[in-house]
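For reference, the chains in residue letters:
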Amino acid sequence: MAATSSVRAAGRRSRRLFDIFVADIPWTVSSKELKEYFSQFGSVQRCQLPFDKDTGFHRRYCWIKFSTLQDVQNVFQKDSHILEGAKLALKQQSHRRRSQRRSQSE
């Protein structure tokens, strides 16, 4: 039984993605450009750039998902990130499963 639980835990760790929240993105930057920029730091799995349905423009923020924690650390080793003359604001996101959030709030 102990072997089964350790295999499950290893599987959860390998599926985990690490996120960075990016704000102050210039209007002219696309999700493709963001993905290309951040891929210099590691393997980008996803770039989620939400759009405003009313204006058709993106909301000037996004989430970047990386494959490993090392990729995320590589991003934060650089002092500033500038795209098209604008300094991006970055924040590392922490992942908690919904079940963990519920148990902590009770």
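In case you missed it, the structure is sitting above this.
Residues numbered from 1 in each chain as written. Predicted model: local features only at pLDDT ≥ 70, side-chain atom pairs only at ≥ 80, totals over all residues. Heavy atoms only, no water.

Colleague: Got a minute to help me understand the overall build of the protein in this structure?
Modeller: Per the secondary structure count, the protein includes four helices and six strands. The helix and strand sequence of the protein, counted from the amino end, reads α-β-α-β-β-α-β-β-β-α. Looking at the 106 residues of the protein, the share that counts as buried comes to 28%. (Helix = DSSP H or I, 4+ residues; strand = E, 2+ residues; numbered from the N terminus. Buried < 20%, exposed > 50% of the residue type's maximum accessible area, 1.4 Å probe, protein only.)

Colleague: Just to check I follow, could you spell out the side chain of His58 for this structure?
Modeller: Its location among the elements puts His58 in the loop between β2 (44–48) and β3 (61–66). In this structure the side chain of His58 is engaged in a polar contact, spanning 3.1 Å, whose partner is the backbone oxygen of Val29. Separated by 3.0 Å, the side chain of His58 and the backbone nitrogen of Arg60 make a polar contact. (Polar contact = N/O pair within 3.5 Å; in protein donor to acceptor, adjacent residues only side chain to side chain.)

Colleague: In this structure, what is going on with the nonpolar core? I would like to understand it.
Modeller: What tends to happen in soluble globular proteins is that the nonpolar side chains get buried as a cluster. Formed by 18 residues in total, the largest nonpolar core has its most connected members in Val22, Ile25, Leu34, Phe38, Cys62, Ile64 and Phe66. Broken down by secondary-structure element, the contributors of at least two residues to this core are β1 (18–23), α2 (31–38), β2, β3 and α3 (69–77). (Core = buried A, V, L, I, M, F, W, Y, C linked by side-chain atoms within 4.5 Å.)

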